[in-house]
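# Commentary on secondary and tertiary structure
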Amino acid sequence: MKLKLHHINLSTNNVAGMDHFYRDVLGLKTETEGLPVLEKKKGYDGDVAFVSDGHIQTHLAQKDLQVGFRTGHIVNPLDRGHIAYRTDDLAAFKAHLEEKGIAYSDWGETAVAGWQQIFFYDPDGNIIEVHEITR
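Residues numbered from 1 in each chain as written. Predicted model: local features only at pLDDT ≥ 70, side-chain atom pairs only at ≥ 80, totals over all residues. Heavy atoms only, no water.

Among the nonpolar cores identified, the biggest contains eight residues, and these are Tyr44, Ala61, Val67, Val75, Leu78, Trp107, Phe119 and Ile127. The next biggest cluster of nonpolar side chains, apart from the first, holds seven residues, and it includes Leu90, Phe93, Leu97 and Ile128. (Core = buried A, V, L, I, M, F, W, Y, C linked by side-chain atoms within 4.5 Å. Buried < 20%, exposed > 50% of the residue type's maximum accessible area, 1.4 Å probe, protein only.)

Next up, the structure:
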């Protein structure tokens, strides 16, 4: 059940402006490889720009306060963003969370084709994603 930091998601009402800032000011590059295939017909159809430092992606996603209601999920990862880790065994990680008494929202492939995703809160209310590639 190995975890590796995969991306940071920042929710914004200005995707184009954030994309320009992260590329122009921070010197990040537009990411073109290993991008998630967004499931735009399953509840979230917002714009997303992808940038990277060559190792970690930053997803600049259009804020959507209603996506949790539309998809029936308790945790809304597009309210204020989240940090995401990739695992090689999501089932084991879910069992680990259950042993620790940590509630999570199982998004399955609601948002991204080929990614099984769960979202949960840290003690300060920051949202954490853990996902496994299934394809």
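The next subject is the side chain of Gln117. Tracing the backbone shows Gln117 in strand S9 (residues 115–121). Of note is the side chain of Gln117, whose polar atom sits 3.0 Å from the side chain of Glu129. Excluding residues that lie within four positions of it along the chain, Gln117 makes contacts with Leu90, Ser105, Asp106, Trp107, Gly108, Ala111, Val112, Glu129, Val130 and His131. (Helix = DSSP H or I, 4+ residues; strand = E, 2+ residues; numbered from the N terminus. Polar contact = N/O pair within 3.5 Å; in protein donor to acceptor, adjacent residues only side chain to side chain. Contact = heavy atoms within 4.5 Å.)

Inspection of every chain in the model, using the stated rule, returns three aromatic pairs. Here Phe21 and Tyr22 contribute two aromatic rings whose centre-to-centre distance is 5.3 Å and whose plane-to-plane angle is 75 degrees, an arrangement assigned as edge-to-face. Relative accessible area serves as the criterion here: at 17%, Tyr22 is assigned to the buried category. Measuring from ring centre to ring centre gives 6.1 Å for Phe93 and Phe120, while their planes differ by 35 degrees; the resulting arrangement is tilted. A residue pair is termed long-range when its members are at least 10 positions apart, and Phe93 in helix H3 (residues 90–100) and Phe120 in strand S9 qualify at 27 residues. Taken as a pair, Phe93 and Phe120 share a single burial class, namely buried. (Phe/Tyr/Trp six-rings, centres within 6.5 Å; stacked < 30°, edge-to-face > 60°.)

Note that strand S1 (residues 3–12) and strand S6 (residues 82–87) share six bridges and pair antiparallel. Paired with Ile8 across the strands is Ile83, a residue of S6. Here S6 runs beside strand S10 (residues 127–133); their pairing, made up of four bridges, is parallel. Each residue of the ladder has a partner; that of Ala84, found in S10, is Glu129. (Pairing = 2+ DSSP bridges.)

A contiguous nonpolar patch, built from Phe21, Val25 and Leu26 and spanning about 280 Å² of accessible area, is present on the exposed surface. When its relative accessible area of 49% is taken as the criterion, Leu26 is described as partly exposed. (Patch = residues over 30% accessible without salt bridge, like charges linked within 9 Å, V, L, I, M, F, W, Y side chains within 5 Å. Areas by Shrake-Rupley, 256 points an atom, 1.4 Å probe, with all protein chains shown as cover. Salt bridge = Lys/Arg side-chain N within 4 Å of Asp/Glu carboxyl O.)

The next subject is the pattern of salt bridges. For the coordinates displayed, the defined rule picks out three salt bridges. The shortest N-O distance in the salt bridge between Arg70 and Asp64 comes to 2.4 Å. A residue is classified by how much of its surface remains accessible, and Arg70, at 44% relative accessible area, is partly exposed. Of the residues examined, Asp64 reaches a relative accessible area of 12% and is grouped as buried. Two residues, Asp106 and Lys94, come together in a salt bridge whose shortest N-O distance is 2.9 Å. Residue Asp106 is found in strand S7 (residues 105–108), and its partner Lys94 is found in helix H3; the two are separated by twelve residues along the sequence. Overall, Asp106 belongs to the partly exposed group, its relative accessible area being 32%.

The values reported here are purely geometric and, on their own, carry no functional implication.
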